[in-house]
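Overview (structure and organization)
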Amino acid sequence: MRAEIKGMSDLRDPPDPSLLLEWYDRHARQMPWRVGPKARAQGMWPDPYRVWMSEIMLQQTTVAAVKSYFEAFTTRWPTVSDLAQAEDADVMAAWAGLGYYARARNLLKCARVVQHDHAGVFPNTYDGLIALPGIGPYTAAAIASIAFDLPETVLDGNVERVMARLYDDHTPLPAAKPVLMQYASALTPQTRPGCYAQAVMDLGATICTPRNPACGLCPWRKSCAAWDAGTAKELPKKSPKKRKPTRFGIAYLARRVDGAWLLEQRPDSGLLGGMLGWPGSDWGDAPTEDPPIRAEWRTLPAEARHTFTHFHLRLTVKTALVPMDRAPARGMFIEPDTFDPNDLPTVMRKAHALTLGK
């Protein structure tokens, strides 16, 4: 890793933030949570609630996947006060399918802290934002810059890629993060920092892409050391990924003769915390049988397979039809007119689809 920033003087034509802002004014992506540069120039300010919501949803998730969830959430809960008063189960069900469910739990915690401790108004400083539940350094910087136009430096994957290429830095990620942050911080302007933060992320998402970057369209091409060296497609370097282990489990899908399904709410902590799901075994190398109700269980020929951040999961799916008077050892029956498989996390929906022969 470089001991210090080589600085703009090391590049033939130092990056000029104003060039990037001019490009952004013409090419800014339209998003449901964004106040575009024209509206911003006319004095319209972003709603911190919508900025915060979008940034939490976008963590490790694509823009395309987030749009419909964002619109559904902000239609149902248009203010942070509305969200703070929502039922936990309703929010978790609305989040189902978006993944990384700790974000949904922290979403509620944060909304309630903002409502109760800050009178429903988001803090307008980096320090105030980062003190809120579920908000880390990147998210605090993004909200501070985008919502409040403060010169905080954002560093997501798109910005890391732009910086590594601008300075032709071959230090592998994640070790490169500190120096990439220094590069990004040195370029963050005092003028229009909120637009700049969105501009540099847009540049990485649309021009300085991981594969086949469109260097001919880049407003910073003449300043890019990697373009000059012909190494842009190689950057950023990444340390080899560890192989993900595979874990095994059993999911029990019991249906009562009236069509009700047996479900249980998972503990708040851990994967899928707080979500509704099928009763099941532990997840490990050799899961232990743990049926939630006495029944004649039938094992389906196919597994429900899903990949989490740190491991692959393979679930054996067992089904049973039970009489009306059979009481479960754990869980609760959900009446057929209130059961919606879309309220379940993805892996649980996969198990349900198998029972339907899908």
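Read on for an overview of the structure. (Residues numbered from 1 in each chain as written. Predicted model: local features only at pLDDT ≥ 70, side-chain atom pairs only at ≥ 80, totals over all residues. Heavy atoms only, no water.)

**Side note on the overall build of the protein chain**
When helices and strands are counted, the protein chain shows 14 helices and 6 strands. On the principal axes, the C-alpha backbone points of the protein chain span a range of 80 × 45 × 30 Å. Across the 358 residues that make up the protein chain, the buried fraction comes to 46%. Sequence separation of 24 or more characterises 71% of the internal contacts of the protein chain that already satisfy a separation of 6 or more. On the protein chain, roughly 17700 Å² of surface is accessible, and the fraction owed to carbon and sulfur atoms is 51%. Separation between the mean location of the 43 positive side-chain charges and that of the 38 negative ones in the protein chain comes to 7 Å. (Helix = DSSP H or I, 4+ residues; strand = E, 2+ residues; numbered from the N terminus. Buried < 20%, exposed > 50% of the residue type's maximum accessible area, 1.4 Å probe, protein only. Contact = heavy atoms within 4.5 Å. Areas by Shrake-Rupley, 256 points an atom, 1.4 Å probe, with all protein chains shown as cover. Lys, Arg positive; Asp, Glu negative; His and termini not counted. Charge placed at Lys NZ, Arg CZ, Asp CG, Glu CD.)

**Focus on the pattern of salt bridges**
All chains considered together, the criterion is met by 15 salt bridges. Across the salt bridge formed by lysine 237 and glutamate 234, the nearest N and O atoms sit 3.7 Å from each other. Of the residues examined, glutamate 234 reaches a relative accessible area of 42% and is grouped as partly exposed. Across the salt bridge formed by glutamate 335 and arginine 256, the nearest N and O atoms sit 3.1 Å from each other. Pair noted here: glutamate 335 is in the loop between strand S6 (332–334) and helix H14 (346–355) and arginine 256 is in strand S1 (residues 246–256), with a separation of 79 residues, a long-range link. A relative accessible area of 12% means that arginine 256 is categorised as buried. What you see here is one network of salt bridges that share partners, running through Arg29, Arg34 and Asp202. (Salt bridge = Lys/Arg side-chain N within 4 Å of Asp/Glu carboxyl O.)

**Brief notes about the packing of aromatic side chains**
In the structure shown here, the tally under the stated rule is 14 aromatic pairs. Look at tyrosine 167 and tyrosine 183: their rings are 4.0 Å apart centre to centre, the planes differ by 10 degrees, and that puts the pair in the stacked class. Separated by 16 residues along the polypeptide, tyrosine 167 in the loop between helix H10 (157–166) and helix H11 (177–187) and tyrosine 183 in helix H11 bring together distant segments of the chain. Take tyrosine 167 and tyrosine 183: they sit in the same class, and that class is buried. A connected cluster of aromatic rings, assembled from ring pairs, spans Tyr49, Trp52 and Phe122. In this structure, arginine 40 is placed above the aromatic ring of tryptophan 45, and the distance from its NZ or CZ to the ring centre is 5.3 Å. When the ring centre of phenylalanine 333 is taken as origin, the NZ or CZ atom of arginine 256, which lies over that ring, is 4.7 Å away. (Phe/Tyr/Trp six-rings, centres within 6.5 Å; stacked < 30°, edge-to-face > 60°. Lys NZ or Arg CZ within 6 Å of the ring centre and 35° of its normal.)

**Details of the pairing of strand S5 (residues 312–322)**
Alignment of S1 against S5, held across 11 bridges, turns out to be parallel. Within S5, the residue paired with phenylalanine 248 across the bridge is arginine 314. Looking at chain direction, strand S4 (residues 298–307) and S5 are connected through 7 bridges and run antiparallel. When the sheet's bridge partners are listed, arginine 305 is paired in S5 with arginine 314. Counting the residues between successive antiparallel strands, the hairpin from S4 to S5 contains 4 residues. (Pairing = 2+ DSSP bridges.)

**Thoughts on a nonpolar patch on the surface**
On the surface, a cluster of nonpolar side chains totalling about 320 Å² of accessible area is made up of Val257, Leu321 and Met324. One can find methionine 324 in the loop between S5 and S6. (Patch = residues over 30% accessible without salt bridge, like charges linked within 9 Å, V, L, I, M, F, W, Y side chains within 5 Å.)

**Section: unusual backbone geometry**
The omega torsion of the bond from leucine 173 to proline 174 falls at 5 degrees, within 30 degrees of zero and hence cis. With respect to the element layout, proline 174 can be found in the loop between H10 and H11. A cis amide bond links leucine 235 to the next residue, proline 236, at an omega of 0 degrees. Within the secondary structure, proline 236 is located in the loop between helix H13 (225–229) and S1. Positioned with a positive phi, aspartate 149 is a non-glycine residue whose angle comes to about 55 degrees. Positionally, aspartate 149 belongs in the loop between helix H9 (137–148) and H10.

**Re the environment of methionine 332**
Tracing the chain through its elements places methionine 332 in strand S6. Taking the C-alpha atoms as reference points, methionine 332 and arginine 243, 89 residues apart in sequence, are found 37 Å from one another. Apart from residues no more than four positions distant in its own chain, methionine 332 is found in contact with Trp261, Leu262, Leu263 and Leu276.

**Regarding the nonpolar core**
Residues Trp52, Phe122, Met163, Trp220 and Trp278 are the most contacted members of the largest nonpolar core, which totals 97 residues. A per-element tally of this core places H9 first, with 8 residues. Those residues within four positions of tryptophan 278 in sequence are excluded, and the remaining contacts are Ala251, Tyr252, Leu253, Trp261, Leu262, Leu263, Glu264, Phe339, Leu344, Met348, Ala351 and His352. (Core = buried A, V, L, I, M, F, W, Y, C linked by side-chain atoms within 4.5 Å.)

**Considering helix H7 (residues 102–117)**
Over its 16 residues, H7 extends 22 Å from the first C-alpha to the last, a length consistent with the 22 Å expected when each residue adds 1.5 Å. Burial in H7 covers these residues: Arg103, Ala104, Arg105, Leu107, Leu108, Cys110, Ala111 and Val114. Buried residues along H7 sit against helix H3 (48–58), helix H4 (63–76), helix H5 (80–84) and helix H6 (88–95). Directly after H7, the chain includes alanine 119, whose backbone phi takes a positive value near 55 degrees. (Expected span 1.5 Å × (residues − 1).)

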